[in-house]
Amino acid sequence: MADYTIAVAHLYGDLMNTYGDYGNIIALTYYAKQIDVDVDYQLVSLGDDFDADKYDFVLFGGGQDYEETIVAHDLQDKAIQVKQYIENDGPLLAVCGGFQLLGHYMMMADGTKVDGIGVMDHYTTNMHDPKLTVRNNERLTGNIVIKNNETGEEYHGFENHQGRTFLGESERALGTIVSGNGNNGMDQTEGVIYRNVYGSYFHGPIFTRNGNLAKRVLTTALTRKYPTIDWQSKLNAIPTETF
Ligand code: GLN
């Protein structure tokens, strides 16, 4: 057993796991092991309690509209605790459908409007003309590259979504589009950063392909739990996998 442990919650990992989003936890564990940190994994799904104080990292993956609608209803019961976790600076990665459901609402491909939990200020529509009046269910699919303007890091991924997400004022993008579509195919933004929450449309999974981001989030999680240790130096000393 290692001296240090982080507790990881996989929100609806049995329903929301498009393109192997669970790989993000494998990537996190891969780096954690090398610096002698154990990862204690827990699936939190329909009907389960989500305890805000219990976790050091949360993954909320993507899903098809059908599963996403089921999850959207159950998530309302966890909304207060999820909000508390986020406002207490808990690190969270939300991919695609998960990213959508943390915002105000999501318009499914068939036009049904499903409420998110509104703990973050974005919304997702299926309208795609600049005035958002014409419904278009064309999917935004393909390889995508973005640049994070604060760190200068480039992230590579694969996107496949029908929803078009628009960020709120308290939110900043994870990156600016280098190539691909991103949040809505219009405003050059991709993903979101709010407190220690990273949202993204990237599958791939994002941490597997972008070890720099995985290390950044792992540093945040470990520093929050064990503040006296220089986790950044420990993680800098091991190789970063990026492909
Ligand atoms: N169902 C959502 C959409 O199509 C999310 C898709 C996903 O998570 N890949 O926009």
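Described below are features of the structure shown in this document. (Residues numbered from 1 in each chain as written. Predicted model: local features only at pLDDT ≥ 70, side-chain atom pairs only at ≥ 80, totals over all residues. Heavy atoms only, no water.)

**Details of the sheet that holds strand β12 (residues 189-190)**
- With respect to topology, 4 strands assemble into an open sheet ordered β9-β8-β11-β12, the strand pairing being antiparallel. Lying at the two open borders of the sheet, with one neighbouring strand each, are β9 (154-161) and β12. (Pairing = 2+ DSSP bridges. Helix = DSSP H or I, 4+ residues; strand = E, 2+ residues; numbered from the N terminus.)

**Considerations on the pattern of salt bridges**
- Counting across every chain of the model gives 6 salt bridges.
- Aspartate 74 is the salt-bridge partner of lysine 78, the closest N and O atoms lying 2.4 Å from each other. Separated by 4 residues within a single helix, lysine 78 and aspartate 74 lie in helix α2 (residues 65-87), roughly one turn from each other. Each member of the pair, lysine 78 as well as aspartate 74, is classed as buried.
- Between arginine 216 and glutamate 153 there is a salt bridge; the shortest N-O distance is 2.7 Å. Residue arginine 216 is found in helix α5 (residues 211-225), and its partner glutamate 153 is found in the loop between β8 (140-147) and β9; the two are separated by 63 residues along the sequence.
- Ionic contacts of the salt-bridge type, sharing partners, join the residues Glu87, Asp89 and Arg195 into one network. (Salt bridge = Lys/Arg side-chain N within 4 Å of Asp/Glu carboxyl O. Buried < 20%, exposed > 50% of the residue type's maximum accessible area, 1.4 Å probe, protein only.)

**Remarks on the site of the ligand**
- Taken together, 15 residues are adjacent to the ligand, and Gly63, Asp65, Cys96, Arg139 and Gly163 come closest.
- Between aspartate 65 and the ligand, the recorded distance is 2.5 Å, taken from a side-chain N or O atom to a nitrogen atom.
- Between the ligand and the protein, one listed contact pairs an oxygen atom with a side-chain N or O atom of glutamine 100 at 3.0 Å.
- Protein chains shield 98% of the accessible area of the ligand, which is 290 Å² for the free molecule.
- Among the secondary structure elements, those contributing two or more residues to the shell around the ligand are α2, α3 (97-102) and β9.
- A class-by-class count of the residues in the shell around the ligand yields 2 nonpolar, 10 polar and 3 charged. (Near = heavy atom within 4 Å. Polar contact = N/O pair within 3.5 Å; in protein donor to acceptor, adjacent residues only side chain to side chain. Areas by Shrake-Rupley, 256 points an atom, 1.4 Å probe, with all protein chains shown as cover. Nonpolar A, V, L, I, M, F, W, Y, C, P; charged D, E, K, R; others polar.)

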